[in-house]
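What the coordinates show
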Amino acid sequence: MAQENNSNHTPLKNKRKITKTDVQSFLLRGRAFIALIMVTIVFSILAPQFMTAANLVIMSKHVAINALVAIGMTFVILTAGIDLSVGSIAGMIGMIAGGMINEGIILSKLGIIVYPHTWMIIVISLLLGTLAGAFAGFVITRFNVAPFIATLGMYYVARGIAGLRHNGYTFPNLVGRPEYGNTGFEILGAGTFLGVNYSIWLMIIFTVIAYIVTMRTPFGRHVYSIGGNEHAAGLSGVRVSRTKIIVYSISGFFSALVGLIVASQLVASHPEIGDAFELDAIAAVVLGGTSLAGGRGGIAGTIIGAFTIGFMTDGMVMVGVSSFWQKVIKGAVIVLAVIIDQVQARMQERIAFQKQQETTTIEND
Amino acid sequence: MTELPLIDKKADKSTDEFILIAENVTQVYPGTLALDDVTFYVRKGMVNVLIGENGAGKSTLMKILAGVQNPTSGKILLDGEEIQPRSPIEAKRLGIGMVFQELNLCDNLSVVDNIFLSQEIARRDGLISRRVQRKHASELLCKLEQKIDPDELVINLRIGEQQIVEIAKALTQDVRILIMDEPTSALSAAEVDVLFKIIRELKSSGVSIIYISHKLEELTEIGDYITVLRDGRKIAEEEIQKVNVTWMIENMVGRNPATLFTRKERQLGGVLLKTEDITLPRLGGGYLLDHVSFELHEGEVLGFYGLMGAGRSDLMECLTGARPQATGKIWLDGELVEATTISGRIQSGFFLVPEDRQRDSIIPTLSVQDNMLLASLRKYLRGLFLASKLEKKTTNSQIRDLAIRVADPQQSITALSGGNQQKVVVAKGLLTQPKVLLLDEPTRGIDVGAKSEISKLINKLANEKYGVIFVSSELKEILAMSDRILVMSKGKITGEFTHQEANEDDLVAASAVGHGSSNGGKNHGTRK
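Sequence positions are assigned chain by chain, starting from 1 and proceeding in written order. Chains carry letters from A onward and ligands carry numbers from 1 onward, assigned in written order. Only residues with pLDDT of 70 or above have their local features reported here, since the model is predicted, and side-chain atom pairs are shown and tallied only from 80 upward, although totals for entire chains, interfaces and linings are computed over all residues.

1. So, the overall build of chain B
Numbering of helices and strands runs from the N terminus, with a helix taken as a DSSP run of H or I at least four residues long and a strand as a DSSP run of E at least two residues long. Within chain B one finds 17 helices and 22 strands. Our radius of gyration is a C-alpha quantity, and the globule rule it is checked against amounts to 2.2 Å times the number of residues to the power 0.38. Against the compact-globule benchmark of 24 Å for 528 residues, chain B has a radius of gyration of 25 Å, which places it among compact chains. In terms of principal-axis extent, the alpha carbons of chain B reach across some 70 × 50 × 50 Å. Sequence-distant contacts in chain B: of pairs separated by 6 or more residues, those separated by 24 or more amount to 70%. Here, residue contact means that the backbone-derived C-beta atoms of the two residues sit within 7 Å.

Here is the structure:
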């Protein structure tokens, strides 16, 4: 790392030994991973079929839904925002997509009904979800509305639209009709590649993309800088409003994607799709080590967080924990995660401080 | 008055003359040693003055005495007994009251509510007794000779009046020691007289005062004993009658202030920056910036001097595009600058190193490297992605060029000392390849050595044909550094001096243009 770094100011880089504080900071950063391992071990013991390949695929399929929403949520939370509308947008998009398959797009002025191709429906749906997110971002930045409020509004509006679309009824049997060329929607949810569901592949692909975007692009750096100190980021030339709108658009995009996947898996869309998804997503993000105050954390942690929550939920079902106790335990874990979040901030300060003392002692030697 | 042991502190510690002793107090923050083994004596019934430059540790020491903060090590003795106030409430119960430098009032509450905040007078039934509180508040304000309506909301008061409310708040309980951290910085001359009268009354009723101020002239009038802090260490203490302002400055700065700053005569180039009628309206009428026009030459260090609220920071923010409501024309290199956003202005060639480092400059969650490269990320793109090798190389070369002391570019910026943080911010600016570098109080709150280094850096940049605009409130510094000085007052340029003709008196006179004697700070912005 520091080979080119031959200046006088950094002579101690190569000399530094691994200290106690290094270990501490590693444990703290890897806490979600440790939690995941523990969950896995516990349920492997309690439920013998837990670690079978088939079960892992099923569980990953469940995880993928939450993980995809949580990826978008991570971007938002890294800017110190929050997006409460993700579940509602998923429901709204599910209904809109279902409507497009079963009823087509009615152009009343022209008196015709257009049945778009399935891929067009998917593109339109993703676009609409992205726009819904962008709108929330616009309200937040243009009118200086707190993200909590703006997305709370979107939460109600989108859920309302989901119900309005078909008067609260479900669009059943979303298989399309061959004569309209809109068949195959169910493949998104049911299709597999190399024995692994498409939704899992989507999770993997988008995790990699999101990871690279956050770590290796100027946009990602801007997201982190806004969460760290919005003022300073702005004065450094970061286009704060634009970046925030993009961030909420990303969250909207993933909400729409998840809405489509769930509708496709059910081969039906009903207005309650995505209920409480925002809470699971926030839980995954926070458990994964991203600070609600913004600027700290990242995608890798979120994915681990999503797996931890998913494995825990499925594991409890397999072991036979009652659904009421599941909720109690899940709630406790979320609160615990926030407590750890606070402890972490304090610990990191202390660790940074210890490191500094260690370096000064080395310097003085 | 009898002879008291001054420098020879070991001689007598147990006597009644010291009401409070802070013994060997050390306070460490990440990145800085704020207090280094400081022993501070508070004499009973006296005005104990504490001075030091920004960052010398005065406020930290006071926060420890007032229970806001616990020291890393050291003891506090009150009447010879060790105390450990864990909160301002606890300190107050022990008789230590504090008037903070930043006004700690709730804007949205009335004067009465603020005065009795957290010490509300309750009736039997547990409800607040508004009548009694109002009566007490009126009495207090009366004693302070202020015609402030106790039911007025604090937000509607002038800053000077708010300061009085803050003092009243400290006096609601019997205080034995009253800490006043720069109480006069926002007061008019008349209000200062009232304050001094109050202080004398408090003194005669046996209250010991700890008094912090930057206005050195007033200290000889009100103080009894003086203690000087520098870079977190106690440098000197003396009876105030035996010292003068020169003594204070020498002890605060540690050497002749003029030698801190180096400046070489330079050949100035052509006009680099020209502004015409930069105007920034103020909410509620008037101007924060009133048709400001000036020129900056290539390779010139142009100093801006003025009082708080003179509009210097506003001007810097206008130039950097942070104030969209500003009007006026700006030419850079003979071309009219069209960009209005910050990122656009940065591309045109402006970069601002803001005054408030914590608030506006650094991103505490990011590493040194990420902070440094934030404004110029596009330059390290290879395709869609950032080339980490290039990033590292750039960072290391800047660390070398600016002599930034950092163990590892990946470490958090908060682990650096103030001076090194400031250098990282300057490096961030330089990497955007600016033509004009705007430095707003670049030496505020950094230690003397770092100040000297920043001054060298400014010289170097000017020699490399950058145009440097340098805002400072420190007379010595601005006189020593600038090729030319513009003085601002109330949003206007009120004086222009070349390096040769500038002197302290003229600068101060120009900075006071348009200020009436009874101006209590109402017309000042909260920022410079």
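Next comes the rest of the write-up.
2. With respect to the overall build of chain A
When helices and strands are counted, chain A shows 14 helices and four strands. Between the buried cut of 20 or more and the exposed cut of 12 or fewer other C-beta atoms within 10 Å of a residue's own C-beta lies the partly exposed class, and all C-beta atoms are placed from the backbone. Split into buried and exposed, the 365 residues of chain A put 44% on the buried side. Put simply, of all contacts in chain A between residues at least 6 apart along the chain, 78% involve residues at least 24 apart.

3. Comments concerning the sheet that holds strand β15 (residues 335-336) of chain B
Residue and element names in this part refer to chain B. At least two bridges found by DSSP between two strands is the condition for calling them paired. Taking strand neighbours across the sheet as the criterion, the four strands line up as β12-β11-β14-β15 in an open arrangement whose pairing is antiparallel. Here the strands that pair on one side only, and so sit at the sheet edges, are β12 (287-297) and β15. With five bridges joining them, strand β11 (residues 271-281) and strand β14 (residues 327-332) adopt antiparallel strand pairing. When the sheet's bridge partners are listed, Thr 279 is paired in β14 with Thr 327. Only the stretch in contact is used when fitting a helix axis, every axis being a line fitted to C-alpha atoms; angles between N-to-C directions are given from 0 to 180 degrees. Contacts from helix α9 (residues 312-319) reach β11, β12 and β14, with the element oriented near 65 degrees to β12.

4. A word on the domain arrangement of chain B
In terms of domain boundaries, chain B breaks down into domain 1 (9-95 + 175-254), domain 2 (257-349 + 435-523) and domain 3 (358-433). The split into domains, and so the bounds of each, comes from an automatic or database assignment of domains. Inter-centroid distance (C-alpha atoms) of domain 1 of chain B to domain 3 of chain B is 38 Å.

5. Quick look at the sheet that holds strand β10 (residues 233-239) of chain B
Strand pairing in a sheet is mediated by backbone hydrogen bonds. Such pairs are either parallel or antiparallel. Residues and elements named next belong to chain B. With mixed pairing, six strands are arranged side by side in an open sheet as β6-β7-β8-β3-β9-β10. The open sheet has two edge strands, β6 (96-99) and β10, and neither has a second partner. On average, each strand axis in the sheet is tilted by 20 degrees relative to the strand beside it, whichever way the strands run. Relative to the sheet, helix α5 (residues 159-170) contacts β6 and β7 (177-181), its axis offset from that of β6 by approximately 170 degrees.

6. Looking at the confidence of the model for chain B
All names here are of chain B. As a per-residue quantity, pLDDT reports the predictor's confidence and falls between 0 and 100. Predicted confidence across chain B gives a mean pLDDT of 83, with 91% of residues reaching 70 or more. Ignoring residues within four places in sequence, the model shows residues 1-14, a span with pLDDT below 50, making eleven contacts including any to other chains. Throughout residues 517-528 the model reports pLDDT below 50, and contacts reaching past four residues in sequence, or to other chains, amount to 28 contacts. This complex was scored by the predictor with a pTM of 0.77 and an ipTM of 0.81.

7. Brief notes about the interface of chain A and chain B
Counting residues at the interface gives 31 residues for chain A and 40 residues for chain B. Along the lines of polarity and charge, the residues of the side of chain A that touches chain B split into eight nonpolar, 16 polar and seven charged. Three classes are used: nonpolar for Ala, Val, Leu, Ile, Met, Phe, Trp, Tyr, Cys and Pro, charged for Asp, Glu, Lys and Arg, and polar for all others, with Gly counted as polar.

8. Brief notes about the packing of helix α9 (residues 218-228) of chain A against helix α11 (residues 240-266) of chain A
All names here are of chain A. Direction vectors running N to C along α9 and α11 enclose 105 degrees, while the axes themselves pass 10 Å from each other. As the angle between them shows, α9 and α11 are arranged roughly perpendicular. Contacts between α9 and α11 involve His 222, Val 223 and Ile 226 from the former and Val 240, Thr 243, Lys 244 and Val 247 from the latter. Residues of the contact of α9 with α11, tallied by class, amount to four nonpolar, two polar and one charged. Here is the rule for angles: anything less than 35 degrees is roughly parallel, anything more than 145 is roughly antiparallel, 65 through 115 is roughly perpendicular, and the remaining ranges are oblique.

9. Concerning the pairing of strand β4 (residues 73-78) of chain B
Residue and element names in this part refer to chain B. Sheet analysis places strand β1 (residues 18-29) next to β4, joined by five bridges and oriented antiparallel. By the bridge assignment for β4, Leu 20 is matched with Leu 78. By the bridge criterion, three bridges tie β4 to strand β5 (residues 81-83) in an arrangement that is antiparallel. Paired with Leu 78 across the bridge in β5 is Glu 81.

10. Digging into the environment of Phe171(A)
Looking at the secondary structure, you find Phe171(A) in the loop between α6 (147-165) and α7 (187-190). Sequence separation between Phe171(A) and Ala97(A) is 74 residues, and the spatial gap between their C-alpha atoms is 9.5 Å.

11. Looking at helix α4 (residues 86-102) of chain A
All names here are of chain A. What a helix is expected to span follows from its residue count: subtract one and scale by 1.5 Å. With 17 residues, α4 should reach 24 Å at 1.5 Å per residue; the first-to-last C-alpha distance of 24 Å fits that figure. Within α4, 15 of the 17 residues are buried, leaving the element largely enclosed by the surrounding structure. Phi turns positive one or two residues past the end of α4, at Gly 104, with a value near 75 degrees.

12. Focus: the pairing of β7(B)
Residues and elements named next belong to chain B. In terms of burial, β7 is a largely internal element, five of the five residues being buried. Covered by surrounding structure in β7 are Ile 177, Ile 179 and Asp 181 together with Leu 178 and Met 180, the residues of both alternating faces. Two strands pair when backbone bridges link them, and β7 and strand β8 (residues 208-212) are joined in this way by five bridges, in the parallel orientation. Bridged to Leu 178 within β8 is Ile 209.

13. Considerations on the nonpolar core
To define a nonpolar core, we join buried Ala, Val, Leu, Ile, Met, Phe, Trp, Tyr and Cys residues through C-beta atoms within 7 Å and take the resulting set. By size, the foremost hydrophobic cluster in this structure holds 168 residues, and its most contacted members are Ala67(A), Leu68(A), Val258(A), Leu438(B) and Val468(B). Ranked by residues supplied to this core, first place goes to α11(A) with 15 residues. The residue makeup of this core includes at least three contributed by each of domain 2 (257-349 + 435-523) and domain 3 (358-433) of chain B. When residues no more than four places from it in sequence are discounted, the contact partners of Val258(A) are Ile65(A), Leu68(A), Val69(A), Ala90(A), Gly274(A) and Phe277(A). Listed in part, the 70 residues of the second largest apolar core include Val42(B), Ile115(B), Leu187(B) and Met252(B).

14. Details of the packing of helix α5 (residues 118-142) of chain A against α6(A)
Residue and element names in this part refer to chain A. For the pair α5 and α6, interaxial distance at closest approach is 9 Å and the crossing angle is 145 degrees. Relative to α6, the crossing made by α5 is right-handed. Taking contact as the criterion, the partners of Ala 132, Ala 136, Val 139 and Ile 140 in α5 are, on α6, Pro 147, Ala 150, Thr 151, Met 154 and Ala 158. Among the residues forming the contact of α5 with α6, the class breakdown is eight nonpolar, one polar and no charged. Handedness of a helix crossing follows the sense of rotation of the near helix relative to the far helix, less than a right angle counterclockwise being left-handed and clockwise being right-handed.

15. Some thoughts on helix α8 (residues 245-253) of chain B
Taken together, the buried positions of α8(B) are Met248(B), Asn251(B), Met252(B) and Val253(B). After α8(B) finishes, the residue Gly254(B) shows a positive phi value of roughly 95 degrees.

16. Structural notes on the environment of Gly232(B)
Residues and elements named next belong to chain B. With respect to the helices, strands and loops of the structure, Gly 232 is situated in the loop between β9 (225-230) and β10. C-beta crowding within 10 Å serves as the criterion here: with 23 such atoms nearby, Gly 232 is assigned to the buried category. Residues Gly 232 and Leu 35 lie 197 residues apart in sequence; the distance between their C-alpha atoms is 4.1 Å. Apart from residues lying up to four places away in sequence, Gly 232 is in contact with Leu 33, Ala 34, Leu 35, Asp 36, Ala 56 and Gly 57.

17. Quick notes on unusual backbone geometry
All names here are of chain B. Of note in this structure, Gln 433 is not a glycine but carries a positive phi near 50 degrees. With respect to the secondary-structure elements, Gln 433 resides in the loop between α14 (418-430) and β19 (436-440). Taking the number of C-beta atoms within 10 Å as the measure of exposure, Gln 433 has 13 and is therefore partly exposed. Positive phi outside glycine occurs at Glu 441, with the angle close to 45 degrees. Tracing the chain through its elements places Glu 441 in the loop between β19 and α15 (448-463). The buried category is assigned to Glu 441, around which 23 C-beta atoms lie within 10 Å.

18. With respect to the confidence of the model for chain A
Residue and element names in this part refer to chain A. Confidence in the prediction for chain A averages 86 pLDDT; 85% of positions are at 70 or higher. Across residues 1-15 the pLDDT falls below 50, and counting only partners more than four positions away or on other chains, this stretch makes 24 contacts in the model. Taken together, the stretch residues 361-365 has pLDDT below 50 and engages in three contacts with residues farther than four places along the chain or on a different chain.

19. Quick word on the environment of Leu280(B)
Residue and element names in this part refer to chain B. Among the structural elements, Leu 280 can be located in strand β11. Judged by C-beta crowding, with 20 C-beta atoms within 10 Å, Leu 280 ranks as buried. With 49 residues separating them along the chain, Leu 280 and Lys 329 place their C-alpha atoms 12 Å apart. Excluding anything up to four places from it in sequence, Leu 280 contacts Tyr 287, Leu 288, Leu 289, Asp 314, Cys 318, Arg 323, Gln 325 and Ala 326.

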